[in-house]
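Take a look at the letters that make up each chain.
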Amino acid sequence: MGTQNSINHTSNPFASTAFTIDPGASGDSYTQYSINGTPEFRIGVDDDAADSFKISQGNALGANDTFIMSAAGERIMPLQPAVLAYLPSDDNNVTGNGATWTLGSTTALTEIFDQSGDFNTNGTFTAPVTGRYYIHVEMRTDDVTAAMTTGSIQIVTSNRTYTTSYINPGAAMDTALNISFAATAIADMDATDTATTTITLSNGAGNTAAVDGGAGITTFLNIFLLC
Amino acid sequence: MATQNNVNNDCKVIASSAVTIDPGAAGDSYTQFDINTTGEFRIGVDDTDDSFRISQGSALGTNDTFVMSELGARTMPLQPAFFAYLGSTVNNVTGGGAYWRLGTTTALTEVFDQGGDFNTNGTFTAPRTGRYLLCGAIKMGDITAAMTNDRIVFESSNRNYFLNSINGAVLRDASNVFSFKGEVIADMDAADTVYFKINMAEGAGNTADAIGQATHPVTYFCGCLIT
């Protein structure tokens with residue numbers, strides 16, 4: 001790395017249209033933002049990563065990358081809150097006669113990814129920052145009976161509950177006694193707010209309906225911070 | 001275009017791979033982009049929470065367009081995004097073949113409208129050309145046995161998306177209720193509009209109701225510019 005040149009932003013702004021940063025040889029090209037000697041963020045081009053443009057926390061491109069734009073224009077954010085978790089096995093007798101069941105409350109969910117560690121396998125997501133979160137849940141019920149004539153699914157957040165998929169599961173179930181419920185919302189969440197997902201089937205003789213799980217994913221939850 | 005100068009207008013080339021910006025004390029660390037002395041954008045680290053920001057104008061913390069937290073959670077507080085829901089029930093909107101647009105008759109309740117592009121009459125107007133995630137749900141009541149041919153529609157300037165085509169008479173629950181839902185990533189050009197509609201047909205009349213709820217959304221429309 002070449003000599004770093006410090007700029008005190010309180011002095012002498014450049015009367016210029018542009019400045020160029022170039023090591024003049026191989027190596028990263030970047031601007032380091034520090035406050036009182038503590039490196040906070042570094043932005044620039046990572047010479048070791050196919051010349052991608054990065055915004056990285058700390059003082060190195062390639063470590064704690066928060067934003068990566070490839071030379072082809074493909075953008076990823078490796079630390080952006082994002083979750084995919086699924087139910088790995090069946091949970092039997094959870095609803096059917098009015099019981100509301102929470103995904104993850106019986107069998108712990110299996111995480112495929114949890115980019116920022118905000119998800120608990122008991123089914124609870126905790127928002128790390130205030131923002132708009134995309135939430136999608138899908139649950140496949142099983143052992144549905146004809147008497148279970150009312151069903152719905154809910155996304156339960158600290159600010160509000162979103163209920164959808166009102167249906168007659170007893171009429172809509174397939175020949176294997178299955179029916180899938182799904183809900184999607186762009187939800188406003190404040191920092192430390194939580195989100196869980198629930199399902200309710202009613203009017204059956206008992207809470208004898210199951211929610212299907214397995215490695216072939218039938219019941220899952222997706223969440224990511226959208227904006 | 002004016003002559004580009006390396007780092008400063010004295011044309012002194014700094015043979016370095018990097019520039020470090022540090023106020024040397026508490027305070028923001030940033031780069032200001034001006035055009036003809038007008039502050040256009042500022043990028044850098046906001047000392048209030050050590051987040052990296054891209055802000056319109058000449059201050060971090062005001063008109064932030066991009067905020068990356070220290071942990072890598074990115075929000076875009078001005079990114080076009082909206083969530084609005086029906087706060088009370090609207091009776092007799094479809095069932096006999098009428099197309100009913102969410103937001104007509106009763107204005108929708110906005111939870112958020114980043115960018116101010118949504119009208120509570122149910123119209124979202126794209127502020128710029130891009131790909132928009134659109135999703136929504138409509139809870140319908142008073143569905144009769146004759147309403148056998150039903151769907152929802154995202155009606156955009158470029159094309160219409162017909163989703164969730166079902167036989168509501170069969171799938172309605174014990175209270176004659178069914179929830180329609182759908183989502184799509186749509187291409188929209190600047191100034192294009194999109195509405196969310198429902199159509200139920202074959203009934204004796206347009207006697208089905210769009211159900212609204214004051215606090216927790218059951219009928220809603222949301223969207224976000226994603227790329």
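Procedures and definitions
Residues numbered from 1 in each chain as written. Chains lettered and ligands numbered in written order. Predicted model: local features only at pLDDT ≥ 70, side-chain atom pairs only at ≥ 80, totals over all residues. Helix = DSSP H or I, 4+ residues; strand = E, 2+ residues; numbered from the N terminus. Rg over C-alpha atoms; globule rule 2.2 N^0.38 Å. Buried ≥ 20, exposed ≤ 12 C-beta atoms within 10 Å, placed from the backbone. Contact = placed C-beta atoms within 7 Å. Domains from an automatic or database assignment. Core = buried A, V, L, I, M, F, W, Y, C linked by C-beta atoms within 7 Å. Pairing = 2+ DSSP bridges. Nonpolar A, V, L, I, M, F, W, Y, C, P; charged D, E, K, R; others polar. pLDDT = per-residue confidence, 0-100.

Looking only at helices and strands, chain A features one helix and 19 strands. The C-alpha radius of gyration of chain A comes to 24 Å, more than 25% above the 17 Å expected for a compact globule of 227 residues. The C-alpha extent of chain A, read off along each of the three principal axes, is 80 × 30 × 25 Å. Taken over 227 residues, chain A has a buried fraction of 46%. Partitioning the contacts of chain A with sequence separation of at least 6, the portion at a separation of at least 24 is 61%.

A word on the overall build of chain B. For chain B, the helix and strand inventory stands at one helix and 19 strands. For chain B, whose C-alpha radius of gyration is 25 Å, the value lies well above the compact-globule estimate of 17 Å for 227 residues. Principal-axis analysis of the C-alpha atoms gives chain B an extent of 80 × 35 × 25 Å. Out of the 227 residues belonging to chain B, those deemed buried represent 41%. Residue pairs at least 24 apart in sequence account for 62% of intrachain contacts in chain B once pairs closer than 6 positions are excluded.

Once that is clear, we can look at the domain arrangement of chain B. Examined at the domain level, chain B breaks down into domain 1 (1–76) and domain 2 (81–225). Using C-alpha coordinates to define each centre, domain 1 of chain B is positioned 43 Å away from domain 2 of chain B.

Per the domain assignment, the segments of chain A are domain 1 (1–78) and domain 2 (82–225). Each of domain 1 of chain A and domain 2 of chain A was reduced to a C-alpha centroid, and the two centroids are 42 Å apart.

Attention shifts here to the nonpolar core. Core analysis: the largest hydrophobic core is formed by 106 residues, its most contacted members being Tyr133, Ile135 and Ile186 of chain A together with Met140 of chain B. Per-element accounting of this core gives the leading share, seven residues, to strand β16 (residues 179–189) of chain A. Discounting chain neighbours no more than four positions away, the residues touching methionine 140 of chain B are Gly168, Val177, Phe178, Phe180, Ile198, Met200, Ala208, Asp209, Ala210 and Ile211 of chain B.

A few words on the sheet that holds strand β5 (residues 64–68) of chain B. All names here are of chain B. Spatially, the five strands line up as an open sheet ordered β2-β3-β4-β5-β6, and their pairing is antiparallel. Single-partner strands in this sheet number two, and they are β2 (29–35) and β6 (74–75). Sheet topology note: the β5/β6 ladder contains two bridges and is antiparallel. Bridge assignment links valine 67 to a residue of β6, and that residue is threonine 75.

This part takes up the environment of lysine 54 of chain A. Residues and elements named next belong to chain A. As for its position among the elements, lysine 54 is in strand β4 (residues 52–57). When the C-alpha atoms of lysine 54 and isoleucine 76 are compared, they prove to be 9.9 Å apart, with 22 residues separating the residues in sequence. In this structure, lysine 54 is in contact with Ile43, Gly44, Asp46, Leu61, Asp65, Phe67 and Ile68, ignoring residues within four places of it in sequence.

Once that is clear, we can look at the interface of chain A and chain B. Across the contact, 68 residues belong to chain A and 63 residues belong to chain B. By residue class, the composition of the side of chain A that touches chain B is 29 nonpolar, 34 polar and five charged.

Now for the environment of aspartate 90 of chain A. Residues and elements named next belong to chain A. Of note, aspartate 90 is situated in the loop between β7 (82–86) and β8 (91–95). In this structure, the C-alpha to C-alpha distance between aspartate 90 and aspartate 212, residues 122 residues apart in sequence, is 4.5 Å. Not counting the four nearest positions on each side in its chain, aspartate 90 is found in contact with Asp142, Ala210, Asp212 and Gly213.

Residues at a pLDDT of 70 or more form 93% of chain B, whose mean pLDDT is 92. Confidence drops under pLDDT 50 across residues 1–15 of chain B; counting only partners more than four residues distant or on other chains, this segment forms 25 contacts.

This part covers the environment of leucine 102 of chain B. As for its position among the elements, leucine 102 of chain B is in the loop between β9 (99–101) and β10 (109–114). Ignoring sequence-local partners within four residues, the contact set of leucine 102 of chain B consists of Leu86, Leu108, Gly122, Ile138, Phe196, Lys197, Thr219 and Phe221 of chain B.

All names here are of chain B. One non-glycine residue, aspartate 50, lies in positive phi territory at about 60°. Position of aspartate 50 relative to the elements: it lies in the loop between β3 (38–46) and β4 (51–56). Of note, aspartate 142 is a non-glycine position whose phi angle comes to about 60°, a positive value. Among the structural elements, aspartate 142 can be located in the loop between β13 (130–141) and β14 (149–156).

Bringing the confidence of the model for chain A into the picture now. Residue and element names in this part refer to chain A. Chain-level statistics for chain A give a pLDDT mean of 92 and a share of 92% at 70 or above. Of the regions scoring below 50 in pLDDT, residues 1–5 engages in 14 contacts with residues more than four places distant in sequence or in other chains. Residue range residues 8–12 is modelled with pLDDT below 50. Its contacts to residues more than four positions away, or to other chains, number six contacts.

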